[in-house]
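Spelled out, the chains give:
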Amino acid sequence: MALESNIVVESVDEFTDSFFIYDVVIIGAGVAGLYAAYCCGISGLSCCVIDSLPQAGGQCVALYPEKNIYGVPGFINVKAKDYIEILSNQCLGYAKETFFNQKVQHISKTKTGKFCVKTAENTIFSKHLIIASGIGDMKPNVPNNVKGLSTLKQDSDFVQHYCMKLDIYKGKNVIIAGGGDSAVDFAINIAPIAKKVFLIHRKDKLTCEACKLSELRKLCNSSKLELSLENQILEIEDNSKRIVRTTKKEFEVDHIVFCYGFLPSCNLIDGLTNLGMHIENGVINSDINTMETAIENCYAAGDVASYVNKKKNIVPCYFEADRAVRSIKSKISKEVSNHAVYKG
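Each value, and the rule that gives it
The residue count restarts for each chain, going from 1 along the sequence in the order it is written. In view of the model being predicted, local features appear only for residues whose pLDDT reaches at least 70, and side-chain atom pairs are presented and counted only at 80 or more, with totals across whole chains, interfaces and linings using the full set of residues. To obtain the side-chain values, all non-hydrogen atoms of the structure were included, while hydrogens and water were left out. What makes two strands pair is DSSP finding at least two bridges between them. Numbered from the N terminus, helices here are DSSP runs of H or I no shorter than four residues, and strands are runs of E no shorter than two. Any helix carries an expected span of 1.5 Å times its number of residues minus one. Only protein chains enter the accessibility calculation, which uses a 1.4 Å probe. A residue is then buried if its area is under 20% of the maximum for its type, exposed if over 50%, and partly exposed in between. Pairs of N or O atoms are called polar contacts if they sit within 3.5 Å, as long as, within protein, a hydrogen donor faces a hydrogen acceptor (for residues adjacent in sequence, only side-chain-to-side-chain pairs). Here, two residues are considered to be in contact whenever any of their heavy atoms come within 4.5 Å of each other. What counts as a salt bridge is simple: a side-chain nitrogen of Lys or Arg found within 4 Å of a carboxyl oxygen of Asp or Glu. Only buried residues count toward a nonpolar core. Its members are Ala, Val, Leu, Ile, Met, Phe, Trp, Tyr and Cys residues joined through side-chain atoms within 4.5 Å.

A. Representation of the sheet that holds strand E21 (residues 283-285) in the model. If you trace the 3 strands from one edge of the open sheet to the other, you get E20-E21-E23, paired in mixed fashion. Strand pairing shows two members of the sheet lacking a second neighbour, strand E20 (279-280) and strand E23 (305-306), which therefore form its edges. Relative to E21, E20 runs antiparallel, the two sharing 2 bridges. From the neighbouring strand, Glu 280 faces E21, where its bridge partner is Val 283.

B. Quick look at helix H1 (residues 31-42). An ideal rise of 1.5 Å per residue puts 16 Å on 12 residues; H1 measures up with 17 Å between its terminal C-alpha atoms. Buried residues dominate H1, accounting for 10 of its 12 residues. Along H1, the residues classified as buried are Val 31, Ala 32, Gly 33, Leu 34, Tyr 35, Ala 36, Ala 37, Tyr 38, Cys 39 and Cys 40. Just downstream of H1 lies Gly 44, where phi reads positive at about 80 degrees.

C. Structural detail: the pairing of strand E7 (residues 106-109). Pairing geometry for E7 and strand E8 (residues 115-118), over 4 bridges, is antiparallel. Residue pairing in the sheet places Ser 108 in a bridge with Cys 116 of E8. In sequence, E7 turns back onto E8 through a hairpin of 5 residues, with Gly 113 there showing a positive phi of about 95 degrees.

D. The side chain of Asn 231, seen in detail. Inspection of the secondary structure puts Asn 231 in the loop between strand E14 (225-228) and strand E15 (233-238). Side chain to side chain, Asn 231 and Ser 228 meet in a polar contact 2.9 Å long. In contact with Asn 231, other than residues within four places in its own chain, are Ile 200, His 201, Arg 202, Thr 246, Thr 247, Lys 248 and Phe 251.

E. Up close: the pattern of salt bridges. All chains considered together, the criterion is met by 15 salt bridges. A salt bridge links Lys 127 to Glu 335; its shortest N-O distance comes to 3.4 Å. Remark: Glu 335 occurs in helix H6 (residues 314-343) and Lys 127 occurs in strand E9 (residues 123-131); sequence separation between them is 208 residues. You can call Glu 335 partly exposed: its relative accessible area is 39%. Ionic pairing is found between Glu 226 and Lys 249, a salt bridge with its closest N-O pair at 3.6 Å. Pair noted here: Glu 226 is in strand E14 and Lys 249 is in the loop between strand E16 (242-246) and strand E17 (250-252), with a separation of 23 residues, a long-range link. When salt bridges that share partners are traced, they join Lys 67, Asp 181, Asp 185 and Lys 212 into one network.

F. View of the nonpolar core. Ranked by internal contacts, the top residues of the largest apolar core, which has 88 residues, are Leu 129, Ile 130, Ile 176 and Ile 190. It is H1 that contributes the most residues to this core, 9 residues altogether. In this structure, Leu 129 is in contact with Val 25, Ile 27, Ile 107, Phe 115, Val 117, Leu 272, Asn 297, Cys 298 and Tyr 299, ignoring residues within four places of it in sequence. Phe 158, Val 159, Ala 177 and Val 253 belong to the second largest nonpolar core, which has 16 residues in total.

In structure tokens, the structure reads:
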């Protein structure tokens, strides 16, 4: 048993063999969760970080560790895994405890309003909760209208949905399917080492950030990349030749990467809907002024948080995590002040 703060535990229905008490429990160790731990530490709040993955980093390490990430102030051409290593070294030391490889099974509240967060191994109590679980289990959105896709061998590396290691594309012909930032990022990262990259999008224009279009033009001019818009993938054949048929032409390639996004997953927050949480399309509506959700003392940060004009990239994770922790600190300070006044 570890008591990490001065919170008093009232009787609860169940305990596991070990339980912990903190000012803040952070669910998720991606960018938002890591920075939330840092903000807690420098604010004098005890916290722990829980993640179902065996290491910190969230989708940055689980989906695209070798991909360069963009839009982070002060960093140019930095791989996701390297950035996470720097961020982890800075932030994780501020957490009293980390619980990796532990999936949150249920979240409830005690009679006095404290959160009870349960994993298979531990029961953790806290007055405040920050959900930074990102997109949950990160299941790729698999197209269901491509003939032959469902019959491919599950262990085949021919069809992929994200780029774990770039070196497998060295000297290969690769199709990138999609027109958003992820598809364009992968195309830009793969093209210099691939034999040729074919970027195929069903619409008449890409939806990536404008600054990336000039890099694409350079690659197209160098014949390293071929852009094919208003083109739909119809069929995949993985026999002696790996053929991809589209509405415009037929390609013989070594790999095809579908960048169609990921399906929202809410399973990490089981129990919160019973407490009044409002979940829509796998994200949690939050007050942009405080990042508090519909549940008092429960906050959201990162990709799981939703508010008007939200943009999903790394930079808002810092704003949201900082705002959530400052809101918590302000509440605690007011409670202490009121208690002192009451005591006389």
